[in-house]
Amino acid sequence: MHLWTLWNDRYVRYKRKLMDFGKRKKIRIRLSTVFLILLLSVFLNAAADAAHRSVLQQGIAEEVVRFHVLANSDSTEDQKVKYQVRDAVLAWMSENLEGFLAEEEDGRSRTLAFLSENLSLVEDVANAVLEEENMPYRATAAITQCYFPDRTYGEVTFPAGWYEALRIRLGEARGQNWWCLLYPSLCFSDCLHAVAEENALTSLEEVLTVEEYESLLKSPGKWKIGFRWFSIMPF
């Protein structure tokens, strides 16, 4: 009888251990499942957000024309003449482009058409500055697809991506660059402390969707991760 009782106690303890092990195993499996679901949700949300940002960027790019000036080098002299070229080209554009845009409602297409027809004149304006400053190199102008990183000016941030742009290369074009928007007009004279004027923002708002415009007012790189596709049920 004593042996039977001893064996039975050991059996009960062993059975309890098995049951505890089974419970712990189930808990571990459930915790692992929840962790994997959380991890998958993070990746899915991040991928969806990145895709949405890409769609917004492409929509913005289809409505704007950017302006890009690349300096010959980072020397003080080359950087100074870069801004002189910028000012001269913007002044020339202001005098000649406004009347051209008034003829049609599609300002972006008209801007690109104007640039295509007058690239040689743009180069002449830039080269006149270089000649006046006795620079040993010349400028070339082209309309091209350019990749731009995130750029923030005042309250406006343009997302990284490919944009159609008027690009002016000065000499070897290895120096720091300057950019703005030719259409809608959003060019700044102070490239370090630029703040968009109210009328410039209004023009930009008119050619973009509400969502595209509002996305420009948000800081880049801040991702909101939400868990939208599942709920965690209690064990």
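Residues numbered from 1 in each chain as written. Predicted model: local features only at pLDDT ≥ 70, side-chain atom pairs only at ≥ 80, totals over all residues. Heavy atoms only, no water.

A. Structural context of the overall build of the protein chain. Scanning the protein chain for helices and strands turns up six helices and six strands. Sequence-distant contacts, at least 24 apart, represent 70% of the contacts inside the protein chain between residues at least 6 apart. On the protein chain, roughly 14,900 Å² of surface is accessible, and the fraction owed to carbon and sulfur atoms is 55%. (Helix = DSSP H or I, 4+ residues; strand = E, 2+ residues; numbered from the N terminus. Contact = heavy atoms within 4.5 Å. Areas by Shrake-Rupley, 256 points an atom, 1.4 Å probe, with all protein chains shown as cover.)

B. Molecular detail of the pattern of salt bridges. A full pass over the atoms with the stated rule returns four salt bridges. In this structure, arginine 86 engages aspartate 87 in a salt bridge whose closest nitrogen and oxygen atoms are separated by 2.8 Å. Judged by its relative accessible area of 5%, arginine 86 falls in the buried class. Across the pair arginine 108 and glutamate 164 runs a salt bridge whose closest N-O atoms are separated by 3.1 Å. Here the residue arginine 108 occupies a position in helix 3 (residues 107-117), and glutamate 164 occupies one in strand 5 (residues 161-170), the gap between them amounting to 56 residues. Glutamate 164 sits in the partly exposed class, given a relative accessible area of 22%. (Salt bridge = Lys/Arg side-chain N within 4 Å of Asp/Glu carboxyl O. Buried < 20%, exposed > 50% of the residue type's maximum accessible area, 1.4 Å probe, protein only.)

C. Spotlight on the nonpolar core. Core analysis: the biggest nonpolar cluster contains 29 residues, and Phe67, Val89, Met93, Leu130, Ile168 and Leu170 have the highest contact counts within it. When residues of this core are traced back to their parent elements, those giving at least two are strand 1 (65-70), helix 2 (76-101), helix 3, helix 4 (119-132), strand 2 (139-148), strand 5 and strand 6 (177-183). A per-element tally of this core places helix 2 first, with seven residues. (Core = buried A, V, L, I, M, F, W, Y, C linked by side-chain atoms within 4.5 Å.)

D. A look at the packing of aromatic side chains. Taken as a whole and assessed by the stated rule, the structure comprises five aromatic pairs. Aromatic side chains tyrosine 147 and tryptophan 162 sit 5.6 Å apart centroid to centroid with 65° between the ring planes, which places their arrangement in the edge-to-face category. Of the two residues, tyrosine 147 is situated in strand 2 and tryptophan 162 in strand 5; the sequence distance between them amounts to 15 residues. Residue tyrosine 147 is classed as partly exposed on the basis of its relative accessible area, which comes to 46%. Arginine 66 extends its terminal NZ or CZ atom over the ring of tryptophan 179, reaching a point 4.0 Å from the ring centre. Above the plane of the ring of tryptophan 178 lies arginine 86, whose end atom (NZ or CZ) is 5.0 Å from the centre. (Phe/Tyr/Trp six-rings, centres within 6.5 Å; stacked < 30°, edge-to-face > 60°. Lys NZ or Arg CZ within 6 Å of the ring centre and 35° of its normal.)

E. Summary view of a negative patch on the surface. Taken together, the side chains of Glu205, Glu206, Glu211 and Glu214 present a region of like negative charge at the surface. Those elements that place two or more of their residues in the negative patch are helix 5 (198-207) and helix 6 (210-216). Of note, glutamate 211 is situated in helix 6. (Patch = residues over 30% accessible without salt bridge, like charges linked within 9 Å, V, L, I, M, F, W, Y side chains within 5 Å. Lys, Arg positive; Asp, Glu negative; His and termini not counted. Charge placed at Lys NZ, Arg CZ, Asp CG, Glu CD.)

F. Structural context of the sheet that holds strand 2. Pairing in this open sheet of four strands is mixed, and the strands run 2-5-1-6 from one edge to the other. The sheet is open, and its two edges are formed by strand 2 and strand 6, each paired on a single side. Geometrically, the sheet is characterised by an average inter-axis angle of 30° between neighbouring strands, direction not taken into account. As paired strands, strand 2 and strand 5 are joined by ten bridges and run antiparallel to one another. Across the sheet, residue alanine 142 finds its bridge partner in strand 5, namely arginine 167. Strand contacts of helix 4: strand 2 and strand 5, with the helix running at about 110° to strand 2, the strand carrying the most contacts. (Pairing = 2+ DSSP bridges. Axes fitted to C-alpha atoms, helices over the stretch in contact; angles between N-to-C directions.)

G. Expanded view of the side chain of asparagine 72. Examined against the element boundaries, asparagine 72 turns out to sit in the loop between strand 1 and helix 2. Exposure remark for asparagine 72: the relative accessible area of 15% places this residue in the buried category. Polar contacts involving the side chain of asparagine 72 include one to the side chain of aspartate 78, which spans 2.9 Å. Once residues within four sequence positions are removed from consideration, asparagine 72 is found in contact with Asp78, Tyr137, Leu170, Gly171, Glu172, Ala173, Arg174 and Gly175. (Polar contact = N/O pair within 3.5 Å; in protein donor to acceptor, adjacent residues only side chain to side chain.)

H. Highlighting the environment of threonine 140. Relative to the elements of secondary structure, threonine 140 occurs in strand 2. Looking at threonine 140, the relative accessible area reads 43%, which means it is partly exposed. Sequence separation between threonine 140 and alanine 126 is 14 residues, and the spatial gap between their C-alpha atoms is 8.4 Å. Filtering out sequence-adjacent residues up to four positions away, threonine 140 remains in contact with Glu123, Arg167, Ile168 and Arg169.

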